[in-house]
Structures are given as C-alpha cells and as structure tokens.
Amino acid sequence: MRSITCSSALVIIFSISLIPVICFASFQGTIEVKGIRIISDGYGTDIDGIKPFNSFKGTSIACLAILPQGGIIKFDEDKSSLDKFTDNLGTNLMNDQIPIGSGIGMMSEISSDRKAAMFEINGLNLPDKRATSIKASGHVSLKTATIKKPFKYDNLVLKVGSKFEISGIKFEITRIGKPIWGDGVVSVTFSSNSDISKIASIQFFDPNGEIIKSSSEGSGIQTHDNKKIYEIAYNLQKQPDALNLSIICWEDMQTVKIPFNINASVGL
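Residues numbered from 1 in each chain as written. Predicted model: local features only at pLDDT ≥ 70, side-chain atom pairs only at ≥ 80, totals over all residues. Heavy atoms only, no water.

1. Comments concerning the pattern of salt bridges
So, point 1. Scanning the model with the defined rule gives 9 salt bridges in all.
So, point 2. A salt bridge links Asp 195 to Lys 74, with the nearest nitrogen and oxygen atoms 3.6 Å apart. With Asp 195 in the loop between strand 14 (186-192) and strand 15 (199-205) and Lys 74 in strand 6 (residues 72-87), this pair connects stretches of sequence that are 121 residues apart.
So, point 3. Its relative accessible area of 22% is what places Asp 195 among the partly exposed residues.
So, point 4. A residue is classified by how much of its surface remains accessible, and Lys 74, at 18% relative accessible area, is buried. (Salt bridge = Lys/Arg side-chain N within 4 Å of Asp/Glu carboxyl O. Helix = DSSP H or I, 4+ residues; strand = E, 2+ residues; numbered from the N terminus. Buried < 20%, exposed > 50% of the residue type's maximum accessible area, 1.4 Å probe, protein only.)

Written as structure tokens, this is what we have:
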C-alpha cells in the first residue's frame, strides 16, 4: 500500500491484482470475479466533497454469473443472498449499522445472448491493511425462460384507474403525464401487485390498428405496507382515447440459484 499526501487530503492507493477465478461451479452455472474496488475516505461532505472514483467509501466485488444454456431474463436481487463478506483476517466488510448500501447490489446487467449477468457485492467497510484477500459467500437467483407467447388486449381506455389482465397478471394505469425524458407525447405507467418480469415486450396500437411508436421509460418496485408494487412506464408518441395492446410473455419462467464461495486475491 502506498500513501500520498496531497495538500489537506490523504489519498490511499491500493495495488490490486485480479485473478480470473471461478468461485463456484455447479451443473447449472458458474460465478467468476471480474473486478475489485476498494475506496477510502474522500474529502469534504457527501454533498460538496470529492470522492475517489466518484464513489462512496467501501469495498465492492464485480462478479459474472454464467449460465451456459442461456435464457437469463432477470437477475433477482430480492431472492439473492449475501451470507458473509469479509477479508481473510475476518474483518466484516458489511456495516451492520447501515444496511443500505451493503449486500448484493440492484444494478445488474444481462448480456445480449442471455447467458451471463454482471452484478456487484458491496460493503461499506474497508478491509484490514494487512489483508491479502476478500471473501464472500451466499447465492444468486436468476430468472430464466426461453418460450414466448403472444397476448392481445383491445380497447383499454387511456385513463388513470383503467385495469386489464394478461397471462394472470393484473395491471392498472396509475399515471398519465408528461414524459420524464425523450420526445414522447405522453408517459403511461402500468402497475401490478405481481412480478412483471414475465413481460417480454409490449406494443401499442390506436383504435384504428395503427402502431404507436413507444419507448420504455423504465421499471421499478415500490413497497407500501410491506407490499410490493411493480411498475413499468412507456413513452407514447400519440395519446388516443383508448389503446390496443400486443404483449409478449415468457411462458416457461423458472428460478435458478447459483451458490458462491469467493476468495479473491488482493495484492497490497
């Protein structure tokens, strides 16, 4: 470890050597370490301070879950679990007093061939200065599917409160308004009490059957009284009185769990 004193700030630089190691293998998939990030204190406050790599203090590992048979449609962080995150000297890298920010991160990415998913393991604490490796154990959950089925729903009145059901999922329009971004005419938010990850795509048509150009504005989950509300929003280029929907759903969804037991070397 090298320390460089710059004016009133102390910058700590860790020399990290990564070894592309398979952390756990099963008949279903593997998990590999692809990156390690260790960030010390910055300078100033959280609002107007400067931070190394523009990130908060803590320890992170980037991992790649690989499913050779493919079919990954969602990385399910809610059903993934981080049981232990320490250095080789036993230092707990998760801050039990501040649970937000520790654990398996929500920002995951799925490859275009649906055979791999990149995710992060995060902790708000730093390893001991004498540590030589980072350890983590738990499991990740991936939702997979390969079969699609089309559905149609016609004459959905475009107003807040309109409801419809597709493939066992009940939806309600909960917001109609100005798009948050883009040049769409209107933003429409659909909400459901059920997980909507089985929805592969939605196309919109006006009452005359002409396609309405649209783009996804994003999706998310809100929690109210311990109940989850799943939301997905679209920008539409037209705002007719009613919509015809063409929806493609995944029909053979299943959950694959891949356990991991990581021991990633760090050269200090």
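Moving on from the model shown.
2. Considering the side chain of Ser 80
So, point 1. If you trace the backbone, Ser 80 turns up in strand 6.
So, point 2. Classification of Ser 80 as buried rests on a relative accessible area of 12%.
So, point 3. A distance of 2.8 Å separates a polar atom in the side chain of Ser 80 from the backbone oxygen of Asp 76.
So, point 4. In contact with Ser 80, not counting residues within four places along its chain, are Phe 75, Ile 104, His 139, Val 140 and Ser 141. (Polar contact = N/O pair within 3.5 Å; in protein donor to acceptor, adjacent residues only side chain to side chain. Contact = heavy atoms within 4.5 Å.)

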